[in-house]
Amino acid sequence: MLHRIIFFLICIFCVVTCQQKKTPNFSEDIAPIIQQKCLKCHQQNGGGPFALSNYEEIASKGQLIAHVVQHKIMPPWPADPEYTHFIGELALTNQEIETIQEWVKQGMPHGDSSIQLVLPNQKKEENSNYILVKAPKPFFIKGDNKDHFFVAKYPIQVPANTYIEAIEFVPHQVKLVHHMNAHLINYAESKTSNPFKAPFWVDQNQQESQRIHQALNLCYEDGSYPVLTPSVCNYLPGSQFSKYPNGIGGFSLAKKAVLYINDIHFGPSPIDVTDSSYFKIYLTNKAPVRPVSEFQIGTLGLSPVVPNLSVPPNCIKTFNIEFTVPEDISILSIVPHMHLIGKKFKSYAIKPSGDTVRLVAIHDWDFRWQYFYRPPHLLKLPRGSKIYVEAMYDNTAQNPNNPFSPPQTISDRNGSMKTTDEMLQLILTYVPYKLGDEDISNE
Ligand code: HEC
């Protein structure tokens, strides 16, 4: 018996020491990580500031890479992967982080130099029917090294009886476009409206957001509001366009319609730049079967933030939202939303049976990385489930993202939506539940 135990211990010792001895090399150990978790942004004309597409480029930044992955600055993936997994998860495992540290420490050996990184496949043009919807006037981004947030509209004109299957955003100034949210507005022919009239965008730095609807002529002439379908298209650097699973999604389209961008965020630029980002709208003659809906809870949404969202200077404060799901739903994406002084965000649901369904947890909120988190499969929440959101805001001078120095009271200012005011929202996109949805891949 004893010799068996000794033999077993020797084996374990061998396995452990062998693993420790092997110095990671680029070709076998590093390239696959960069390939999977970095390259989609760090390639020529990607969203990242430089390419990491071969050994030389990566090794020349080795120390910096070791630093940013160690401190989880890169890759950008605010959601806690130990709480919930999502499609396209970018977070590195501890093992991957260790491997990178060790590789840099050991002088970044190359290994088999014949192995090359494969650039992410340029998307093959599908044989789809799409139109390009371009801005009548390019955005003008002043070279003042400040963030710029525009609200805009893109007119759409299509033949009658056409439906939208999907909408893809194609950024122009890839390194500057930091996010974009688009909504669809359909205008009734029976009412007078002028949505195709200039101006086509407003720089929020220059205009109070309350007046933006009027400034962009988005309402009917009598002042009433047309029908808005929220969040028809969203973009962040590195986000890859994908249609919803088969048979899900799509939008009806009126003869007169606009894509209403609220908003598009351009990062700071030292020089004046224009941007002609555009949309690819995939058309179909089939009416949507399972159109996507959304619940927006919290600020401006279906249930209030408690207590009122207002954070006094030099305070750290937590707020809550509760919402009861009114019907059986299948969740397609989970979108937490706060502004600059948001710190933590956690959401989960409790089913009528008492079971908990984890939605998303973010321990270090970053305004610049607001993803549409997609669960691997359609996620069912039965009617009567209670959704909870807990969110923390840090309005101290120690918060480097505080827009005010010295700190001042920051509140939602009745839903002003300005970046320097705050918001707390959870947005869920979903379809009404159908038997078998749990087995549908959300890829
Ligand atoms: C979703 C897009 C995206 C992905 C994926 C991504 N990066 Fe980045 N990276 C950026 C952007 C954008 C910047 C510019 C700085 C910023 O905006 O935070 C950046 C900056 C960097 C920097 C410079 C940081 C500095 O302080 O100058 C390094 C190094 C870096 N990334 C390495 C990586 C590595 C390594 C990976 C993969 C493990 C990775 N990035 C994945 C978008 C990305």
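Preceding block: the structure.
The paragraphs below set out a description of the structure included in this document. (Residues numbered from 1 in each chain as written. Predicted model: local features only at pLDDT ≥ 70, side-chain atom pairs only at ≥ 80, totals over all residues. Heavy atoms only, no water.)

## Quick notes on the coordination of the iron atom of the ligand
Within the protein, the atoms that donate to the iron atom of the ligand are H42 (NE2) and M74 (SD), at distances of 2.0 to 2.3 Å. For the iron atom of the ligand, the 6 donor atoms are set out with angles of 86 to 179° between them, so the coordination reads as octahedral. Here the residue H42 occupies a position in the loop between helix 2 (26–37) and helix 3 (55–60), and M74 occupies one in the loop between helix 4 (62–70) and helix 5 (94–105), the gap between them amounting to 32 residues. Under the relative-accessibility criterion, H42 is labelled buried at 9%. (Donors = N, O, S within 2.8 Å, 3.2 Å for Na, K, Ca; no water. Tetrahedral: all angles 85-135°; square planar, octahedral: opposite > 155°, others 65-115°. Helix = DSSP H or I, 4+ residues; strand = E, 2+ residues; numbered from the N terminus. Buried < 20%, exposed > 50% of the residue type's maximum accessible area, 1.4 Å probe, protein only.)

## A few points about the site of the ligand
Lining the immediate environment of the ligand, one finds 19 residues, of which C38, C41, H42, M74 and R368 sit closest. Here a nitrogen atom of the ligand and a side-chain polar atom of H42 are 2.7 Å apart. R368 places a side-chain nitrogen or oxygen 2.7 Å from an oxygen atom of the ligand. Among the elements that take part in the shell around the ligand, helix 4 stands out by supplying 3 residues, more than any other. The class makeup of the residues in the shell around the ligand is 14 nonpolar, 3 polar and 2 charged. Both domains that meet at the shell around the ligand, namely domain 1 (2–105) and domain 3 (293–439), each give it at least three residues. (Near = heavy atom within 4 Å. Polar contact = N/O pair within 3.5 Å; in protein donor to acceptor, adjacent residues only side chain to side chain. Nonpolar A, V, L, I, M, F, W, Y, C, P; charged D, E, K, R; others polar. Domains from an automatic or database assignment.)

## Focus: the nonpolar core
Residues I334, F345, Y373, I387, Y393 and L424 are the most contacted members of the largest nonpolar core, which totals 42 residues. Of all the secondary-structure elements, those providing two or more residues to this core are strand 12 (293–298), strand 14 (316–324), strand 15 (329–338), strand 16 (342–350), strand 17 (356–362), strand 19 (386–394) and strand 21 (424–432). Per-domain counts for this core show at least three residues from each of domain 1 (2–105) and domain 3 (293–439). Among the nonpolar cores identified, the runner-up in size contains 31 residues, and F150, A152, V158 and F169 belong to it. (Core = buried A, V, L, I, M, F, W, Y, C linked by side-chain atoms within 4.5 Å.)

## A few points about the packing of aromatic side chains
Taken as a whole and assessed by the stated rule, the structure comprises 24 aromatic pairs. Where F169 meets Y235, the ring centres are 5.2 Å apart and the plane angle is 55°; that geometry is what we call tilted. Within this pair, whereas F169 is found in strand 4 (residues 163–170), its partner Y235 is found in strand 7 (residues 227–235), the two being separated by 66 residues in sequence. A relative accessible area of 10% means that Y235 is categorised as buried. By the ring-pair criterion, three or more aromatic residues cluster together here, those being W77, F86, W369, Y371 and Y373. Sitting over the face of the ring of Y278, K134 holds its NZ or CZ atom 5.5 Å from the ring centroid. The aromatic ring of Y282 is capped on one face by K243, whose charged end is 4.4 Å from the ring centroid. (Phe/Tyr/Trp six-rings, centres within 6.5 Å; stacked < 30°, edge-to-face > 60°. Lys NZ or Arg CZ within 6 Å of the ring centre and 35° of its normal.)

## Let's talk about the layout of surface pockets
As a volume, the second largest pocket reaches approximately 790 Å³. If you trace the second largest pocket, you find 30 residues lining it, with K72, P75, W77, P78 and A79 closest to the centre. In terms of residue class, the lining of the second largest pocket is made up of 15 nonpolar, 6 polar and 9 charged. Among the domains, domain 1 (2–105) and domain 3 (293–439) are the pair contributing at least three residues each to the lining of the second largest pocket. (1 Å grid on protein atoms, 1.4 Å probe; cavity = no way out; pocket = protein on both sides within 12 Å on 5 of 7 lines; lining within 4 Å. Points joined across faces, edges and corners; volume = space filled by probe spheres on them.)

## Some words on the packing of helix 4 against helix 5
Helix 5 packs onto helix 4 with a crossing angle of 155° between their chain directions and a minimal axis gap of 9 Å. Regarding the angle of helix 4 to helix 5, the classification is roughly antiparallel. Of the two elements, helix 4 crosses helix 5, and the hand of that crossing is left-handed. Residues G62, Q63, I65, A66, V69 and Q70 of helix 4 form the contact with helix 5, whose own contacting residues are I97, I100, Q101 and V104. Residue composition of the contact of helix 4 with helix 5, grouped by class: 6 nonpolar, 4 polar and no charged. (Axes fitted to C-alpha atoms, helices over the stretch in contact; angles between N-to-C directions. Parallel < 35°, antiparallel > 145°, perpendicular 65-115°, else oblique. Left-handed = near helix turned anticlockwise from the far one by under 90°. Contact = heavy atoms within 4.5 Å.)

## As for the pairing of strand 16
Examined bridge by bridge, strand 16 and strand 19 share 8 bridges and lie antiparallel to one another. Within strand 19, the position partnered with A349 by the bridge is I387. With 6 bridges connecting them, strand 16 and strand 17 associate as antiparallel partners. Among the inter-strand pairings, S347 is bridged to a residue of strand 17, identified as V360. Taken together, strand 16 and the strand that follows it, strand 17, pair antiparallel across an intervening segment of 5 residues, in which G354 is found at a positive phi of about 100°. (Pairing = 2+ DSSP bridges.)

## A short note on the environment of Q70
Among the structural elements, Q70 can be located in helix 4. Given the relative accessible area of 40%, Q70 is considered partly exposed. Taking the C-alpha atoms as reference, Q70 lies 44 Å from V258; in sequence the two are 188 residues apart. Once you skip the residues sitting within four places of it in the chain, Q70 turns out to touch I97 and Q101. Within the structure, the side chain of Q70 is placed 3.4 Å from the side chain of Q101, a separation counted as a polar contact.

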